[in-house]
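Spelled out from the first residue to the last, the chains are:
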Amino acid sequence: MTATKARGPVIHVQGLEKSYKELRVLRGVDFDVARGSIFALLGSNGAGKTTVVKILSTLLKADAGTAGVNGFDVATQAAAVRESISLTGQFAAVDEILSGRENLALIARLRHLKNPGKIADDLLARFSLTDAGARKVSTYSGGMRRRLDIAMSLIGNPPVIFLDEPTTGLDPQARIEVWQAVKELAAQGTTVLLTTQYLDEAEQLADRIAILHEGRILVNGTLAELKQLLPPAKVEYVEKQPTLEDVFLTLVGDNGKNA
Amino acid sequence: MTKHFFGDTTALLGRSLRHITRSPDTIITTAVMPIAMMLMFVYVFGGAINVGGASYVNYMLPGILLITIASGIAYTAFRLFMDMKTGIFERFQSMPIARSSVLWAHVLTSLVANLVSLVVVVLVALLMGFRSGAELAAWLSVAGILILFTLALTWIAVIPGLTAKTMEGASAFSYPLIFLPFLSSAFVPTATMPGPLRAFAEHQPVTSIVNAIRALFTEQPVGTDLWIALAWCVGILIVAYVFAMTAYRRKIS
């Protein structure tokens with residue numbers, strides 16, 4: 001089965017509801033994601049971001065509402081949805097005991113692709129992991145693990161990628177590396193839905209941002225649109241101090257491809 | 001997607017087998033405890049246990065083999081639990097694979113690892129003086145019973161592997177299984193036990209399995225023990241499989 005291209009939004013979510021026993025996590029979530037864009041689902045811990053991602057990646061069934069990915073319904077055409085997506089979960093879902101190369105080759109094999117070894121080598125090079133490719137993943141740093149995790153998600157070129165809190169727990173350098181990887185993905189036409197609790201991450205990466213709060217989408221728009229929701233900017237003169245992040249990155253030197 | 005079942009299972013089996021070859025301690029620790037028990041029972045208690053003329057190592061090896069399996073399957077629960085916890089289980093489930101191959105890979109890995117442990121234990125038993133004049137057919141029958149027993153216990157292990165909240169919880173279930181052979185004919189003849197215990201010992205699965213293996217090793221007629229043993233193994237296998245698949249469906253829906 002091949003993933004067919006559908007017209008209209010590549011992700012379409014309408015009236016999604018989900019409860020865990022008494023707890024109503026999603027209370028009617030609606031949003032669309034345009035093909036080839038980066039869409040950020042912004043919300044605090046427990047807002048229901050991961051639940052949305054799990055429903056879209058066919059790991060969880062919704063109680064009500066519909067969700068479609070790449071033209072396929074997540075409930076009734078789950079197998080076709082799984083052909084169309086890749087999930088990068090909240091914690092780098094990599095095999096610690098295998099090497100980076102073996103992790104990639106395993107995923108290529110499970111996606112039934114030819115030449116898993118070559119696919120693995122290409123991705124190692126693309127994500128600056130070639131030197132570490134033969135090492136056990138348990139020796140990798142947090143940033144390397146996340147890069148490997150994202151590389152694993154790219155195998156088979158799925159048109160839609162879900163990144164659930166891709167930078168939580170990463171140091172600033174690793175975070176910038178991940179951002180870079182996400183931008184490159186979108187530049188190649190992949191649709192990215194990412195969840196984050198960091199405002200600056202949504203600001204940096206996303207074409208559109210939706211704020212999920214208490215199980216509903218509060219607002220959904222471009223950064224400029226969201227900014228217009230508040231009163232117009234006042235002009236103030238502020239002494240621009242370097243942030244601690246600027247200091248840290250300047251002192252540490254590079255933006256750490258080999259972190 | 002079932003057309004990919006064998007390919008996917010093979011790929012995932014290769015992955016888990018690498019886990020074992022890279023941390024062979026799972027096989028060593030599985031084999032060490034039964035070997036230590038065997039040494040203790042043969043050289044410490046064995047002299048005081050009367051099993052009616054047979055060499056004690058010959059007498060108790062079947063029970064030791066079952067203990068080996070019972071302690072080995074705890075690693076299946078552990079590996080499955082780690083897959084759940086690290087999120088790699090979800091990654092596999094969100095991919096276009098035959099989804100059940102994730103479980104089958106763990107089950108087959110358990111089979112391979114336990115067979116290796118069993119071979120190690122039998123080799124040590126041979127060094128300790130275990131002897132059997134059994135022919136190939138009898139050995140194959142023993143292997144068949146042990147494989148069936150391993151599969152039955154492995155599907156039991158899948159249940160805590162999928163549902164446990166903590167790592168301790170995932171492996172604690174195996175303790176009663178390891179203990180069960182002590183309340184059977186594995187180490188002492190059941191006739192020496194007091195009434196209610198004897199009744200339990202004579203009607204629990206381990207006794208019939210031990211008796212069947214013992215009869216095969218000593219070239220005695222296996223009688224009804226073999227059929228009772230097979231019925232127990234198949235029965236446990238089916239029940240555990242049904243419960244494991246129920247737990248599994250609850251996880252992936």
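Owing to the predicted nature of the structure, the values given are computational and were not obtained by experimental measurement.

## What about the overall build of chain B?
The secondary structure content of chain B amounts to twelve helices and zero strands. Each helix and strand of chain B, ordered N terminal to C terminal, gives the series α-α-α-α-α-α-α-α-α-α-α-α. Each principal axis of the C-alpha atoms in chain B carries an extent, and together these give about 60 × 35 × 35 Å. When contacts within chain B are restricted to residue pairs at least 6 apart in sequence, those whose partners lie at least 24 apart make up 81%.

## Brief notes about the overall build of chain A
The secondary structure content of chain A amounts to nine helices and ten strands. Whereas a compact globule of 259 residues would reach a radius of gyration of roughly 18 Å, chain A reaches 19 Å, a difference of no more than 12%. Across its three principal directions, the C-alpha atoms of chain A cover 55 × 50 × 35 Å. Burial analysis of chain A (259 residues in total) assigns 47% to the buried set. Put simply, of all contacts in chain A between residues at least 6 apart along the chain, 69% involve residues at least 24 apart.

## Observations concerning the pairing of strand β1 (residues 11-20) of chain A
Residues and elements named next belong to chain A. As paired strands, β1 and strand β2 (residues 23-33) are joined by eight bridges and run antiparallel to one another. Note on β2: the bridge partner recorded for Leu 16 is Val 29. As consecutive antiparallel partners, β1 and β2 are separated by two residues, and within that stretch Lys 21 has a phi angle of approximately 50°, a positive value. One ladder, built from five bridges, connects β1 with strand β4 (residues 64-69); its direction is antiparallel. Residue His 12 lies in a different strand from β4, and its bridge partner there is Gly 68.

## Let's talk about the UniProt feature "transmembrane region" (unreviewed entry) in chain B
Sequence positions flagged by UniProt for "transmembrane region" (unreviewed entry) are, in local numbering, residues 27-49, 61-82, 103-130, 136-158, 170-188 and 226-248 of chain B. Secondary structure across residues 136-158 of chain B comprises 100% helix and 0% strand; the distance between its end C-alpha atoms is 32 Å.

## Observations regarding the UniProt feature "domain: ABC transmembrane type-2" (unreviewed entry) in chain B
Within this structure's numbering, the places UniProt gives as "domain: ABC transmembrane type-2" (unreviewed entry) are residues 25-251 of chain B. Helix makes up 77% of residues 25-251 of chain B and strand makes up 0%, while its end C-alpha atoms are separated by 30 Å.

## Observations regarding the packing of helix α3 (residues 56-72) of chain B against helix α11 (residues 205-217) of chain B
Residue and element names in this part refer to chain B. Where α3 meets α11, the axes come as close as 9 Å, and the angle between the chain directions of the two elements is 130°. The orientation of α3 relative to α11 falls into the category oblique. As α3 runs across α11, the sense of the crossing is right-handed. On α11, the residues that touch Asn 58, Pro 62, Gly 63 and Leu 66 of α3 are Val 206, Ile 209, Val 210, Ile 213, Arg 214 and Phe 217. Each residue belonging to the contact of α3 with α11 can be placed in one class, and the counts come to seven nonpolar, two polar and one charged.

## Things to note about the interface of chain B and chain A
Between chain B and chain A, the contact holds 22 residues from the first and 21 residues from the second. For the side of chain B that touches chain A, the secondary-structure elements that each account for two or more residues are α1 (5-22) and α5 (88-93) of chain B. If you tally residues by element for the side of chain B that touches chain A, the top one is α1 of chain B, at seven residues. Split by residue class, the side of chain B that touches chain A holds seven nonpolar, nine polar and six charged.

## A few points about the confidence of the model for chain A
Residues and elements named next belong to chain A. Chain-level statistics for chain A give a pLDDT mean of 86 and a share of 94% at 70 or above. Per-element confidence in chain A ranges from a low mean pLDDT of 81 for helix α9 (residues 244-252) to a high of 95 for helix α3 (residues 100-110). Of the regions scoring below 50 in pLDDT, residues 1-6 engages in ten contacts with residues more than four places distant in sequence or in other chains.

## Comments concerning the pairing of strand β3 (residues 38-42) of chain A
All names here are of chain A. Within β3, five of the five residues are buried, leaving the element largely enclosed by the surrounding structure. A two-sided burial pattern is seen for β3, the buried positions comprising Ile 38, Ala 40 and Leu 42 on one face and Phe 39 and Leu 41 on the other. Pairing of β3 with strand β8 (residues 191-196), which is carried by five bridges, proceeds in the parallel orientation. Looking at the pairing, Ile 38 lines up with Val 192 of β8.

## A word on the environment of Leu 193 of chain A
Residue and element names in this part refer to chain A. By the element assignment, Leu 193 lies in strand β8. Since 27 C-beta atoms lie within 10 Å of it, Leu 193 is described here as buried. Note: C-alpha distance between Leu 193 and Val 33 (160 residues apart in sequence) is 7.9 Å. Beyond its immediate stretch of four places on either side in the chain, Leu 193 contacts Ile 11, Val 33, Phe 39, Leu 41 and Phe 162.

## Points about the nonpolar core
Ala 40 and Leu 104 of chain A together with Leu 66 and Ile 209 of chain B are the most contacted members of the largest nonpolar core, which has 142 residues in total. Of all the elements, helix α7 (residues 136-163) of chain B adds the most residues to this core, at 13 residues. Other than its neighbours up to four places away in sequence, Leu 66 of chain B contacts Phe 149, Pro 181, Ala 186, Val 206, Ile 209 and Val 210 of chain B.

## Here we look at the sheet that holds strand β10 (residues 216-221) of chain A
Residue and element names in this part refer to chain A. Within the open sheet, the six strands sit side by side as β6-β7-β8-β3-β9-β10. Their pairing is mixed. Each edge of the open sheet is held by one strand with a lone partner, namely β6 (85-88) and β10. Strand after strand, the sheet turns through a mean of 15° between neighbouring axes, direction not considered. In this sheet, strand β7 (residues 160-164) lies alongside β6 in parallel orientation, the contact comprising four bridges.

## Section: the packing of α3 of chain A against helix α5 (residues 142-154) of chain A
Describing two packed helices takes the angle between their axes plus the distance from one axis to the other. Residue and element names in this part refer to chain A. Where α3 meets α5, the closest approach of the two axes is 9 Å, and the angle between their N-to-C directions is 20°. Taken as axis vectors, α3 and α5 run roughly parallel relative to one another. Relative to α5, the crossing made by α3 is right-handed. Between α3 and α5, the contacting residues are Gly 100, Asn 103, Leu 104 and Ile 107 on the first element and Leu 148, Ala 151 and Met 152 on the second. Residues that form the contact of α3 with α5 fall into these classes: five nonpolar, two polar and no charged.

## Considerations on the sheet that holds β1 of chain A
Sheet strands pair via backbone hydrogen bonds, and the direction of the pair is either parallel or antiparallel. Residue and element names in this part refer to chain A. One open sheet holds the four strands; their spatial order is β2-β1-β4-β5, and the pairing between them is antiparallel. Among the strands making up the open sheet, the edge pair consists of β2 and β5 (72-73). Here helix α1 (residues 49-56) sits on the sheet in contact with β1, β2 and β4, set at roughly 115° to β1.

Conventions we followed
- Residues numbered from 1 in each chain as written.
- Chains lettered and ligands numbered in written order.
- Predicted model: local features only at pLDDT ≥ 70, side-chain atom pairs only at ≥ 80, totals over all residues.
- Helix = DSSP H or I, 4+ residues; strand = E, 2+ residues; numbered from the N terminus.
- Contact = placed C-beta atoms within 7 Å.
- Rg over C-alpha atoms; globule rule 2.2 N^0.38 Å.
- Buried ≥ 20, exposed ≤ 12 C-beta atoms within 10 Å, placed from the backbone.
- Pairing = 2+ DSSP bridges.
- UniProt positions renumbered as here; feature names shortened; annotations may be inferred.
- Axes fitted to C-alpha atoms, helices over the stretch in contact; angles between N-to-C directions.
- Parallel < 35°, antiparallel > 145°, perpendicular 65-115°, else oblique.
- Left-handed = near helix turned anticlockwise from the far one by under 90°.
- Nonpolar A, V, L, I, M, F, W, Y, C, P; charged D, E, K, R; others polar.
- pLDDT = per-residue confidence, 0-100.
- Core = buried A, V, L, I, M, F, W, Y, C linked by C-beta atoms within 7 Å.

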